[in-house]
Structure formats: structure tokens, C-alpha cells
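So the chains spell out like this:
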Amino acid sequence: MALTLESCALGDAIVLHCKRRIVFREEVVKLSQVVGESIETSDVVILDLKGVSAIDSAGLGEMVALHMWARGHGHALKMTGLSSRIRHLLELTNLTSVFEIYATEEEALTVVA
């Protein structure tokens, strides 16, 4: 069940539709590469997590690192489409206070951090 990422443009942002799991090894490496490349070409990258069934500690760690890298370079990494399971995970790890989380892609695009 390898992670798949499909990108599309939404205004000036890049939306990455994530499907399956964000877990240790190939999935985290793929997330890092694709999000990193997207951050370099767009000021706003939106991760649509609707299709994500699980995130482990390696996935969370990489998402935090990507968020910090984006902010450090004046870019934004935003998230949408959190399932109740993923939202609960982010709440348990206090990451809801770190990540920019929105209900929709459109809302993520209109809110300036």
C-alpha cells in the first residue's frame, strides 16, 4: 500500500492529494521529495489528506520537518481533508497547534497565515 501523491494547481497553490499511508521508509521519502519540490515552486502547498488511512511517527516527523522548512523559507504548508482518526492523532501529539489545518482547499487558499 504505497503512498500515492497527485498534484494539481489551485490558484497560486499546489494541491497534493495524498492516498494510502504516510509511514516509515519509501512513503516518507516520497512525501519528502514531492512536497519539497512543490514548496520550491510554489509559495503555498496544500496537503489533501482525505485519502490517508494512517500516519506513523516517521510520517509525523517528516510532516513537521517539511512545515518548518517551508516556514523558514517564507512558504506555507497547509492541510485539508483530515479524517477524524488523523485529526485525533494530531490532537494527541499537539500538532494541531503547529500545522495550518483547514476544512477545504479553497479555505486554505484564502486564509493568509
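Q: Which parts of the structure should I look at to understand the side chain of His-67?
A: Along the chain, His-67 turns up in helix α2 (residues 57-72). A relative accessible area of 2% places His-67 in the buried class. Residues within four places of His-67 in sequence aside, it is in contact with Leu-77, Val-98 and Phe-99.

Q: Is there a simple way to explain the packing of helix α1 (residues 26-41) against α2 in this structure?
A: Packed helix pairs are characterised by how far apart their axes lie and by the angle those axes make with each other. Running from N to C, α1 and α2 cross one another at 15°; their axes reach a closest spacing of 10 Å. Comparing their axes, α2 and α1 come out roughly parallel. The two elements α1 and α2 meet at a crossing, and its hand is right-handed. The segment α1 lies against α2, with Val-28, Leu-31, Ser-32, Val-35, Gly-36, Ile-39 and Glu-40 engaging Ala-58, Gly-59, Glu-62, Met-63, Leu-66, Trp-69 and Ala-70. Taken together, the residues of the contact of α1 with α2 sort by class into nine nonpolar, three polar and two charged.

Q: Would you take a moment to explain the pairing of strand β1 (residues 4-10) for this structure?
A: Two faces make up the sheet, and in a regular strand the side chains alternate between them. Strand direction decides the pairing type here: β1 and strand β2 (residues 13-22), joined by seven bridges, are antiparallel. The partner of Cys-8 across the bridge, within β2, is Val-15. What sits between the antiparallel neighbours β1 and β2 is a turn of two residues, in which Gly-11 has the positive phi angle 60°.

Q: I keep staring at the pattern of salt bridges and nothing clicks. Help me out?
A: One pass over the structure, following the stated rule, counts three salt bridges. Where Lys-50 meets Asp-48, a salt bridge forms, and the shortest distance between an N and an O atom there is 3.7 Å. In this structure Asp-48 comes out as buried when scored by relative accessible area, which is 4%. In this structure, Arg-71 and Glu-100 form a salt bridge, with 4.0 Å as the shortest nitrogen-oxygen distance. Here Glu-100 lies in strand β5 (residues 100-102) and Arg-71 lies in helix α2, a separation of 29 residues in the sequence.

Cut-offs used in this document
- Residue positions are given per chain, counted from 1 along the sequence in the order it is written.
- With the structure being a predicted model, the display of local features is reserved for residues of pLDDT at least 70 and the display and counting of side-chain atom pairs for 80 or more, all residues being used for whole-chain, interface and lining totals.
- Calculated side-chain values reflect all of the structure's heavy atoms, with hydrogen atoms and water omitted.
- Runs of E in the DSSP output that reach at least two residues are strands. Runs of H or I that reach at least four are helices, and both are numbered from the N terminus.
- For each residue, the accessible area found with a 1.4 Å probe, counting protein chains only, is set against the maximum for its type, and the residue is called buried under 20%, exposed over 50%, and partly exposed in between.
- In what follows, residue pairs with any heavy atoms lying within 4.5 Å of each other are defined as contacts.
- Only the stretch in contact is used when a helix axis is fitted, and all axes are lines through C-alpha atoms; the angle between N-to-C directions ranges over 0 to 180 degrees.
- Orientation categories follow fixed angle ranges, with anything under 35 degrees roughly parallel, anything over 145 roughly antiparallel, 65 to 115 roughly perpendicular, and all other angles oblique.
- If you view the pair so one helix is near and one far, a crossing is left-handed when the near helix is turned anticlockwise from the far one by less than a right angle, and right-handed when it is turned clockwise.
- Under the grouping applied here, Gly and all other residues not named as nonpolar or charged are polar, the nonpolar ones being Ala, Val, Leu, Ile, Met, Phe, Trp, Tyr, Cys and Pro and the charged ones Asp, Glu, Lys and Arg.
- Any two strands are treated as partners once DSSP identifies two or more bridges connecting them.
- Should a side-chain nitrogen of Lys or Arg be within 4 Å of a carboxyl oxygen of Asp or Glu, the pair is scored as a salt bridge.

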